[in-house]
Each structure stands twice: as structure tokens, then as C-alpha cells.
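Observations on chain architecture
Here are the chains, one letter per residue:
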Amino acid sequence: MKEQIASSAEAAVSEVVNVKAAALSLIAAAADMKELENARVSVLGKKGSFSVLQQGMRNVPKEDKPAVGALLNEARAAITEALDARMAELQRLADAQSVAGIDITLPGETLPPGGLHPISLVREEAVRILRRMGFTLSDGPEIEDEWHCFDALNTPEDHPARNEKDTFYFDSGKLLRTQTSTVQARVMEKQAPPVRIICPGSAFRRDAIDATHLSAFNQIEGLYVDKHVSVGDLKGTLEYFLKALFGSETAVRFRPHFFPFTEPSFEIDVLLQAAGQAPRWIEIAGCGMVNPAVFENIDKATGRSDYAGCTGFAFGIGLERLAMIRWGIRDIRLLIENDVRFLAQFQ
Ligand code: DAH
């Protein structure tokens, strides 16, 4: 519509009527969304028929402007409404076409609900109990250096754990941490006592996998340092924790052991009662009183004397082992095979 609205009122009115009628029939004829969009542009676009018409308003005599203006508004509303209606109709047709031949009354396929892995479940439960006892969460990297994994923790160069056969080393000299005890060193480097932290996390060893060992496994580390911390605190804390987790009847035993970073050191066993098997003790944690040599290493590294005169206890609990006892799981490998028949039992 190139010509502008004529200067007389009647001519203007008939222009509006014509443009509107042409626009409505264009819209009604649009066979798909693309054609409808083209129609919209050719009517309401910057150079569209209706826009050109509106610009012509300035030629209408002043006294006729209100009447012609009202007519224009009414025409624009009718065009917009027709566009919306046609769009809805085309959408309905497209929807109907896309489901043609499909019985939409058939029930859908249901996705079975997922659940948390038993390791996650037992970790959450263990962390909840330990937090209630005043421990706070800490964290550290899985790719570590020898200082945090061994040297700071009083582990000599020739200790078997440092052997290439037992630890995954990178060419750079870094390693996959063999224990979450690394976090003990990291926390004490940063923080002055008192310290009361736990750190759940993964650890890695070049172990052969069998019914009670994995090469990638999970631990919860704990460290409590203050003045006058005793073996009694250590025993009381861990016994309380294990009974809160497994029930007050749980049989727990502490066996003397050796770790370079604790003195004295213990291993903790809990009685595993798996279905169809005779009860047996399984080792679930190592623990002990922090070796004064560790405090000295930290103070030497930081150049402070934060830890002089402190005592403390530390522990490292195997999460897979906790899960085995918690649910009577006879073989640790069930925890990494991801057989849904096994996992579904924990939902
Ligand atoms: N890091 C030891 C391990 O993985 C477990 C352990 C023993 C952790 C004694 C401790 C500890 O914090 O005090 O076998």
C-alpha cells in the first residue's frame, strides 16, 4: 500500500477499511507459521501496509483526526487479534499432526526413582553424628604432594606405603593420596589449635581388589587437637560414634597397631554379621594419639610454635567397611559394581 491517506475524511476511511480487509484475508490465508510471520511483517512491519497507512494520518484534516484515529485503532486491534487467533489455530494443527497415529491415551513410561548409593548414605549418617559431637568439615585435594601425604605425617622415605608398588605416582612427583590423613597436615598448617575437624573423601592405593579391599575407596578422617587430650577421649569419642551409627549393642575392639603419625596407635574392629556367614571382626579404622613428631613438623614448616605443648587424637575410618557392617554386606566389590538389584535395596 504505497499511496498515503487522502486528505479527505471519506477517502481516509475507505483506505483504512481496504487495508484492514486485505490484511485479514492475508492472515487467514497463511498456511503455516512461516507464512503467518511473512503476513505479519507485510502488514505491521516498518514498511508494512498498516504502518504506511498510519503515517498518512498527518494528511487528514485536523477535525477528522479523532474519528480516523479511532478507526485505525480498531483496525489494528482486529489485525492483532486475527494474528493471534491464526497462530493458535496453526499451532493446534501442528500439534495434532505431530501426534497423528499416536495413542496419547496410553500410559507413559515411568522412570524408576533413583536413590543414594549406600556409601553416600553411610557417609551422611557418619558426618551427621560427628558434627553433632562438635567436629566441623574440612577438605583437601586428592592429587597430593609427598609432604602432606608422608613427610609431614612422620612417614620415613623407606616406609613401604611410599613404595611405587603401593602408591599411584604421577611423573611430576605428585601422587593420588593414599589416605585422607593428608588433611591433618593441611588443616594444622593453616589453623592454630584447638582443632576439631573431620574430612570425608576418597583415597587410592595400588592394592589388589578382593572381598575387603578396593584400590579407590573412601574414608573419613578426624583430628582433635587441644591441651590435655587423652586416649580416654579418643576411645570414648570413637566408641560413642560407632554405637550411634550401628546401635548400642555393637561389639567394638581396639587393637594396638603402628602408624607413623600416631603414638600409641590402634586399629578398631567391629563385628560384621553378614547374612549366612559366621560373625567375623573386620577392621574399620586406624587411630591414635597424634605423634609429637607431627606437631614438630608442622611448626617447623610454618615457622610458628602453635602446636608446642598440644596433645590430640586422630582417626581414619573406612566408609566401605562402615557400609558393610551397617547392612551386613559380605563383599566390598558389591559397592562398585552398580548392579541395580543390589542398589535398589537401599532406597
Ligand atoms: N591413614 C590410615 C590409613 O589409611 C588410617 C589412620 C590411622 C588415620 C591412624 C589416622 C590415624 O588419622 O590416626 O590406613
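Residue positions within a chain follow its written sequence, with the count starting from 1. Thresholds applied to this predicted model are a pLDDT of at least 70 for local features of residues and 80 or more for the giving and counting of side-chain atom pairs; totals over whole chains, interfaces and linings are not thresholded and use all residues. Excluded from the side-chain calculation are hydrogens and water; included are all heavy atoms of the structure.

Description of the overall build of the protein chain
Assigned secondary structure in the protein chain consists of eleven helices and nine strands. Only C-alpha atoms enter the radius of gyration, while the globule expectation follows 2.2 Å times N to the 0.38, with N the number of residues. Over its C-alpha atoms the protein chain spans a radius of gyration of 38 Å, topping by over 25% the 20 Å that the globule rule assigns to 347 residues. In terms of principal-axis extent, the alpha carbons of the protein chain reach across some 110 × 55 × 40 Å. In the protein chain, which comprises 347 residues, the share counted as buried stands at 42%. Throughout, a residue-residue contact means that at least one pair of heavy atoms, one from each residue, lies within 4.5 Å. Of all intrachain contacts in the protein chain linking residues separated by at least 6 positions in sequence, the fraction that spans at least 24 positions is 68%. Each helix corresponds to a stretch of at least 4 residues labelled H or I by DSSP, and each strand to a stretch of at least 2 residues labelled E; elements are numbered beginning at the N terminus. Remark: exposure states derive from per-residue accessible area (1.4 Å probe, protein chains only) relative to the maximum for the residue type, with buried under 20%, exposed over 50%, and partly exposed in between.

What about a nonpolar patch on the surface?
Surface patches are defined over residues having more than 30% relative accessible area and no salt bridge, joining like charges when they lie within 9 Å and nonpolar side chains (Val, Leu, Ile, Met, Phe, Trp, Tyr) when within 5 Å. Computed with the Shrake-Rupley method and a 1.4 Å probe, the accessible areas treat only the protein chains shown as cover for residues. Salt bridge, as applied in this entry: a Lys or Arg side-chain nitrogen positioned within 4 Å of an Asp or Glu carboxyl oxygen. Nonpolar side chains collect at one region of the surface, where Val 99, Ile 102 and Ile 104 lie side by side and expose about 290 Å² of accessible area between them. Relative to the assigned elements, Val 99 resides in the loop between α4 (65-98) and α5 (118-132). Residue Val 99 is classed as partly exposed on the basis of its relative accessible area of 33%.

Structural notes on helix α2 (residues 33-44)
In this analysis, the expected span of each helix is defined as 1.5 Å times one less than the number of residues it contains. Here α2 is twelve residues long and its end C-alpha atoms lie 16 Å apart, about the 16 Å a rise of 1.5 Å per residue gives. Within the span of α2, buried status applies to Leu 36, Ala 39, Val 43 and Leu 44. Around the axis of α2, the buried residues are gathered within 100° of arc, so they sit on the same side. In the core, the buried residues of α2 are packed alongside α1 (9-29), α3 (49-55) and α4. We define a polar contact as two N or O atoms separated by no more than 3.5 Å, with the added condition that, inside protein, one atom must be a possible hydrogen donor and the other a possible acceptor, whereas residues neighbouring each other in sequence contribute only through side-chain atom pairs. Between a side-chain oxygen at the N-terminus of α2 and the backbone nitrogen of Lys 34 the separation is 3.1 Å; the capping residue is Asp 32. Here the arc refers to the directions that run from the helix axis out to each C-beta atom.

So, unusual backbone geometry
For the peptide bond that leads from Pro 193 to Pro 194, omega is 5°, which places it in the cis range. Residue Glu 263 is joined to Pro 264 through a cis peptide bond whose omega torsion reads 0°. Counting through the fold element by element, Pro 264 comes out in strand β7 (residues 262-272). Despite not being glycine, Asn 154 has its phi angle at roughly 60°, a positive value. Here Asn 154 shows up in the loop between α6 (146-151) and β3 (175-176). The phi torsion at Asn 338 lies on the positive side, around 55°, for a residue other than glycine.

Observations concerning the pairing of strand β6 (residues 252-259)
Two strands pair when backbone bridges link them, and β6 and β7 are joined in this way by seven bridges, in the antiparallel orientation. Note that in β7 the partner of Arg 253 across the bridge is Asp 269. Hairpin connection from β6 to β7: two residues lie between these consecutive antiparallel strands. Note on pairing: two strands pair once DSSP finds at least 2 bridges between them.

Quick notes on helix α9 (residues 292-302)
The set of residues buried in α9 consists of Val 294, Phe 295, Asn 297, Ile 298 and Asp 299. Where α9 is buried, its residues touch α6, α7 (182-190), β5 (216-226), β8 (280-290) and β9 (311-318). Note on α9: the residue one or two positions beyond its end, Gly 303, has a positive phi of about 75°.

Concerning the site of the ligand
A molecule or strand has a residue near it when one of that residue's heavy atoms lies within 4 Å. Near the ligand lie 15 residues; those nearest to it are Gln 179, Ser 181, Gln 184, Arg 205 and Glu 221. Between the ligand and Phe 315, the relevant distance is 3.2 Å, taken from an oxygen atom to a main-chain nitrogen or oxygen of the residue. About the coverage of the ligand: the protein hides 92% of its 350 Å² of free accessible area. Among the secondary structure elements, those contributing two or more residues to the shell around the ligand are β5, β8 and β9. Of the residues assigned to the shell around the ligand, the class counts are five nonpolar, eight polar and two charged. Any residue that is not Ala, Val, Leu, Ile, Met, Phe, Trp, Tyr, Cys, Pro, Asp, Glu, Lys or Arg is counted as polar, Gly included; the first ten are nonpolar and the last four charged.

So, the pattern of salt bridges
The full count for this structure, using the stated rule, is 14 salt bridges. Put simply, Arg 86 and Glu 89 hold a salt bridge, and the shortest N to O gap is 3.3 Å. Note that Arg 86 and Glu 89 are positioned in helix α4 at a spacing of three residues, about one turn of the helix. Relative accessible area serves as the criterion here: at 15%, Arg 86 is assigned to the buried category. Connected via shared salt-bridge partners are Arg 253, Arg 255, Glu 267 and Asp 269.

Quick word on the packing of aromatic side chains
How two aromatic rings sit relative to each other is set out by the distance from centre to centre and by the angle between their planes. A pair of Phe, Tyr and Trp rings is counted when the ring centres sit within 6.5 Å of each other, with Trp represented by its six-membered ring. The angle between the planes then sorts it: under 30 degrees is stacked, over 60 is edge-to-face, the rest tilted. By the definition in use, this model includes nine aromatic pairs. Summarising the aromatic geometry, the rings of Phe 135 and Tyr 224 are spaced 6.4 Å apart at their centres and angled 75° between planes, so their arrangement reads as edge-to-face. Taken together, the residues span a long stretch of sequence, with Phe 135 in the loop between α5 and β1 (136-137) and Tyr 224 in strand β5 at a distance of 89 residues. For the residue pair Phe 135 and Tyr 224, the accessibility class agrees, reading buried in each case.

Things to note about the sheet that holds β6
Read from one edge of the open sheet, seven strands run β1-β4-β5-β9-β8-β7-β6, paired in mixed fashion. Edge positions in the sheet fall to β1 and β6, since each of these pairs with one other strand and no more. The sheet contact formed by β5 and β9 spans eight bridges and is antiparallel. Looking across to β9, one finds that Gly 222 is bridged to Phe 315. Packed onto the sheet, α7 meets β4 (195-204), β5 and β9 and runs at close to 40° relative to β5. Here an axis means a line fitted to C-alpha atoms, over the contact stretch when the element is a helix, while the angle between two N-to-C directions is reported on a 0 to 180 degree scale. The strands touched by helix α10 (residues 319-327) are β5, β7, β8 and β9; relative to β8, the strand with the most contacts, the crossing angle is about 140°.

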